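So you can see what is in the structure, the chains are spelled out below.
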Amino acid sequence: MRNVVFLFLATILVACNSSEAKTSPAPQKDAGPRMLKLDVGLLGRLGVTTESVGADGDAERIELPGTLEYVVDQYAEVGTFVEGRVTRVNVNVGDVVKKGQTLATVLVPAIVSAQADALSAISAHRMAVDHAKREAFLLEKQLTTAREEEVARGEVARAAADLAAARSKLTLYGTPSPVDADGIKANGSLVLTAPLAGVVVRRDAVLGAFISPNETAFVVANTDTLWAVLDVYESDLAFVREGASVEVKVDALPNTTVTGRVAMIEPEVSKATRALRARIIVDNHAGALRQGFFVRALVPIWEPSRSGLMVPAAAVQPLGERDVVFVEKAPGQYEVRDVAVRRRTPHVAELTDGLARGERIVTHGAFVLRGEATRQ
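This structure is a prediction, so every number in the text was calculated from the model and none was measured. (Residues numbered from 1 in each chain as written. Predicted model: local features only at pLDDT ≥ 70, side-chain atom pairs only at ≥ 80, totals over all residues. Heavy atoms only, no water.)

## Quick word on helix α4 (residues 146–173)
Applied cut-off: Numbered from the N terminus, helices here are DSSP runs of H or I no shorter than four residues, and strands are runs of E no shorter than two. Multiply 1.5 Å by the residue count of a helix minus one, and that product is the helix's expected span. Type-normalised accessible area, obtained with a 1.4 Å probe on protein chains alone, sets the label of each residue: buried when under 20%, exposed when over 50%, and partly exposed for intermediate values. Contacts between residues were defined by any pair of non-hydrogen atoms, one from each residue, lying within 4.5 Å.
Along its 28 residues, α4 runs 41 Å from first to last C-alpha, staying within 8% of the 40 Å computed at 1.5 Å per residue. Those residues of α4 lying buried are E149, A152, A159, L163, A166, L170 and Y173. Against the buried residues of α4 lie α3 (109–140) and β8 (189–193). In the stretch just after α4, G174 is the one whose phi turns positive, near 85°.

## A short note on the sheet that holds strand β15 (residues 275–283)
Short version of the rule: For two strands to count as paired, DSSP must find a minimum of two bridges between them. For helices, the fitted axis covers only the stretch in contact; all axes are lines through C-alpha atoms, and the angles between them, taken along N-to-C directions, range from 0 to 180 degrees.
What the 6 strands build is a closed barrel, ordered β3-β12-β15-β14-β13-β16; its pairing is antiparallel. Each neighbouring strand pair of the sheet contributes to a mean axis angle of 40°, computed without reference to strand direction. Looking at chain direction, strand β3 (residues 61–70) and strand β16 (residues 294–300) are connected through 7 bridges and run antiparallel. In the strand pairing of β16, T67 is matched with F294.

## Observations regarding the sheet that holds strand β10 (residues 210–211)
An order of β8-β7-β5-β10 is seen for the 4 strands of this open sheet, with the pairing classed as antiparallel. Each end of this open sheet is capped by a strand with a single partner; those strands are β8 and β10.

## Structural notes on α3
Taking 1.5 Å as the rise per residue, α3 with 32 residues should run 46 Å; its terminal C-alpha atoms sit 47 Å apart, in good agreement. Looking at α3, one finds that the buried residues are I111, A114, Q115, A118, L119, A121, I122, A128, A132 and E135. Buried residues in α3 make contact with α4 and β8. After α3 finishes, the residue Q142 shows a positive phi value of roughly 60°.

## Brief notes about the side chain of N284
Put simply, the rule reads: N or O atoms within 3.5 Å of each other form a polar contact, as long as, within protein, one can give a hydrogen and the other can take it, and as long as residues adjacent in sequence are counted only when both atoms are side-chain atoms.
Along the chain, the position of N284 falls in the loop between β15 and β16. Given the relative accessible area of 4%, N284 is considered buried. Within polar-contact distance, the side chain of N284 engages the backbone nitrogen of A288 at 3.3 Å. Within the structure, N284 has its side chain in polar contact with the backbone nitrogen of L289 (distance 3.0 Å). With residues up to four places along the chain from it excluded, the contact list for N284 reads T223, D224, T225, L226 and L289.

## What about the packing of α3 against α4?
Formally: With respect to orientation, any angle under 35 degrees is reported as roughly parallel, any angle over 145 as roughly antiparallel, any angle of 65 to 115 as roughly perpendicular, and every other angle as oblique. Handedness of a crossing follows from how the near helix is turned relative to the far one, being left-handed for an anticlockwise turn of less than a right angle and right-handed for a clockwise one. Throughout this entry, Asp, Glu, Lys and Arg are counted as charged residues, while Ala, Val, Leu, Ile, Met, Phe, Trp, Tyr, Cys and Pro are counted as nonpolar. The remaining residues, Gly among them, count as polar.
At a minimum axis distance of 8 Å, the contact between α3 and α4 shows a crossing angle of 160°. Between α3 and α4, the interaxial angle falls into the category roughly antiparallel. Helix-helix and strand crossings are classified by hand; for α3 and α4 the assignment is left-handed. Classifying every residue of the contact of α3 with α4 by side-chain character gives 21 nonpolar, 3 polar and 9 charged.

Printed below as a string of structure tokens:
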């Protein structure tokens, strides 16, 4: 009897399982790509923008920060080699000066002594030459000895050496040497002149104040051309080449964009920033640019061996364990597309699979769509 009951219960259980199997829904087929639909007006307010992959835009350029600096060859600091008191100032900051134009006059006590030594050396040399001529004449007439004539020539050589030393000292101080004993007054004045044509961009000289050799009295620079000095990090170095044309945006002048070219990339990496410095030559004949302005340069990507598609790094967003981009299918409608990233830098990412050239993807504000995709 017990075996009959067990067989009956087993039969019922099998029947129930067969019934459940018949009523369970069949697995759904692939529903197609995952789509997001968002309000167009909201996306505009959030700054979400799209761009064609492979177009000549931000996807094909990297943005490098930097500052404007004077061109070293067109920049000069003017000062003295000895301490002195400023007795006259001829220019102010902002004045345009020519090469050789007087900037200021400085009274230097050390020059007084050097000029006096030069005047004495000129007189001593003149007297030694005259004495040597007399001795040579007397020797001809046999009225003196050869020894006396030789001593006279030696005095000329010694006086010439003293004169050369005195003149070299004046040259070191930056003041002209007198032609003869009557050609200059020993007043100790030193004239500071502009070593190049340009603009006085700094003036530290104050009338009546002392200035020492370690101080700069004036700074003169040619501002018609400036350098935009950019920080190029190691990961971006492969994309930047010398000679490339660059757009430079100036933070202080929102509506100003100037073009330049990469003049050089310095060979040394900074230990502090781990970046190299690239110098962009920027024209400034209009005078709107200033030294020290912060700039952002859009540098076109250059890499001969590149085979993938370059997109802004911000366009590729992590979604779970995948890297995705958001492909625009219609205004406000985006496909969540998996992509394969070969490498990425802080500015760009190179994709080897998942996108075709010409498709439009979200390049700014992709994190907004990532948040919506995660929420859904």
